[in-house]
Amino acid sequence: MDASDQEMQQYLFDLQGYLVIRNVLEAAEAAELNRLIDAQRLPSPRERIRFGSAAGVHGPDHGFLNWGEPFCRLLDHEAILPILRFRLGDCFRLDRLYGIRMHEGQTMGSMHADYGASARNSFTRAGERFHFAPNGIYEGFVVAAWNLADAGPAHGGFWCIPGSHKSNFKLPRQIHEPRKGGLRGHSGGTGGVGRVVLRGGDARNSPVESRPRAPDTALQVLRLPHGVVTGAGASAADVPLTPRQEALLTEPADPHTFAPSLFSDGPGAER
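Residues numbered from 1 in each chain as written. Predicted model: local features only at pLDDT ≥ 70, side-chain atom pairs only at ≥ 80, totals over all residues. Heavy atoms only, no water.

**Notes on the nonpolar core**
Generally speaking, nonpolar side chains in soluble globular proteins are found buried as a group. Grouped together as the largest cluster of nonpolar side chains are 40 residues, with contacts concentrated most on Phe-71, Phe-92, Trp-146 and Leu-219. Those elements that place two or more of their residues in this core are strand E1 (19-21), helix H2 (27-38), helix H3 (69-73), helix H4 (81-88), strand E3 (92-102), strand E4 (142-147) and strand E8 (216-225). For this core, the element with the highest residue contribution is H4, accounting for five residues. If you look at the next biggest cluster of nonpolar residues, it comprises six residues, including Ala-151, Cys-160, Val-196 and Leu-198. (Core = buried A, V, L, I, M, F, W, Y, C linked by side-chain atoms within 4.5 Å. Buried < 20%, exposed > 50% of the residue type's maximum accessible area, 1.4 Å probe, protein only. Helix = DSSP H or I, 4+ residues; strand = E, 2+ residues; numbered from the N terminus.)

Structure representation (structure tokens):
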């Protein structure tokens, strides 16, 4: 990206809380990832919507990296690295990764946030302000999600409250709790909730994500600045990795001192 593109994307990311990158994966690439997922004979989405490694619970699949090299290519895909760089800096690491599958007719997931006033476990008092420095970003993590099926008003998928990461008030219960029943005939959001139309092969970056609804398959990858620890951590894969992919799986360390830049033009990077 040139400077003007980066400025625009950074502004829109900060304004909305997410960015969508269209047509990152070719149709054949998305089909191959779906084929490899189908080959794992996972439990039905009606039994469990998540697969891989998430929230500190690690299975033998190392968060699906061992399922094949196409999954590893997503770790440092050139389409998302510039965005991760202007959000997290030159040194960041992979904390966890998992997939979500849902079928038509399943009950939709609930809205959720992991930090700030909108988080359900927040102790923020009503009306208390968070003070942001001008032209600064202080999020502790970014999610990169790869959509492997179409998702939109007719298909379910990702939905969110744009700008909620800047909210100074807790998320109201009426918005947080999912509506009863399936999703057939559902049209439109409530209380500022909006749907993001995604096609198979699109990528999305956001500081916090809601849960897809139906029918959808998405791979979620959570990234942190290198010095941040959440207690989860990603496991190494048995599939051969490039040096940069291996660097994304290292333990938390002091950026630039013990963790070099992930970019060839960055300070202390190996060229």
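What follows continues from the structure just given.
**Details of the pairing of strand E7 (residues 203-206)**
Going residue by residue along E7, you find Ala-203 and Asn-205 tucked away on one face and Arg-204 and Ser-206 tucked away on the opposite face as well. Where E1 lies against E7, three bridges are found, and the strand directions are antiparallel. Residue Ile-21 lies in a different strand from E7, and its bridge partner there is Ala-203. (Pairing = 2+ DSSP bridges.)

**Considering the pairing of E4**
Counting buried positions over the six residues of E4 gives six, a clear majority of the element. Here E4 shows a buried face lined by Val-142, Ala-144 and Trp-146 and a second buried face lined by Val-143, Ala-145 and Asn-147. Relative to E7, E4 is paired through four bridges, and the arrangement is antiparallel. Residue pairing in the sheet places Trp-146 in a bridge with Ala-203 of E7.

**Observations concerning the side chain of Gln-245**
If you trace the backbone, Gln-245 turns up in helix H6 (residues 243-248). Polar side-chain contacts of Gln-245 include one of 3.1 Å to the side chain of Asp-76. Leave out the neighbours within four places in its chain, and Gln-245 touches Cys-72, Arg-73, Leu-75 and Asp-76. (Polar contact = N/O pair within 3.5 Å; in protein donor to acceptor, adjacent residues only side chain to side chain. Contact = heavy atoms within 4.5 Å.)

**Quick look at the pattern of salt bridges**
The full count for this structure, using the stated rule, is nine salt bridges. The partner of Glu-69 in a salt bridge is Arg-73, and the shortest N-O contact between them spans 2.4 Å. In this pair, Glu-69 and Arg-73 both sit in helix H3, four residues apart, roughly one turn of the helix. The partner of Arg-244 in a salt bridge is Asp-76, and the shortest N-O contact between them spans 3.0 Å. Of this pair, Arg-244 sits in helix H6 while Asp-76 is found in the loop between H3 and H4, placing the two residues 168 residues apart along the sequence. A residue is classified by how much of its surface remains accessible, and Arg-244, at 24% relative accessible area, is partly exposed. Linked through salt bridges whose partners overlap, the residues forming this network are Asp-76, Glu-78 and Arg-244. (Salt bridge = Lys/Arg side-chain N within 4 Å of Asp/Glu carboxyl O.)

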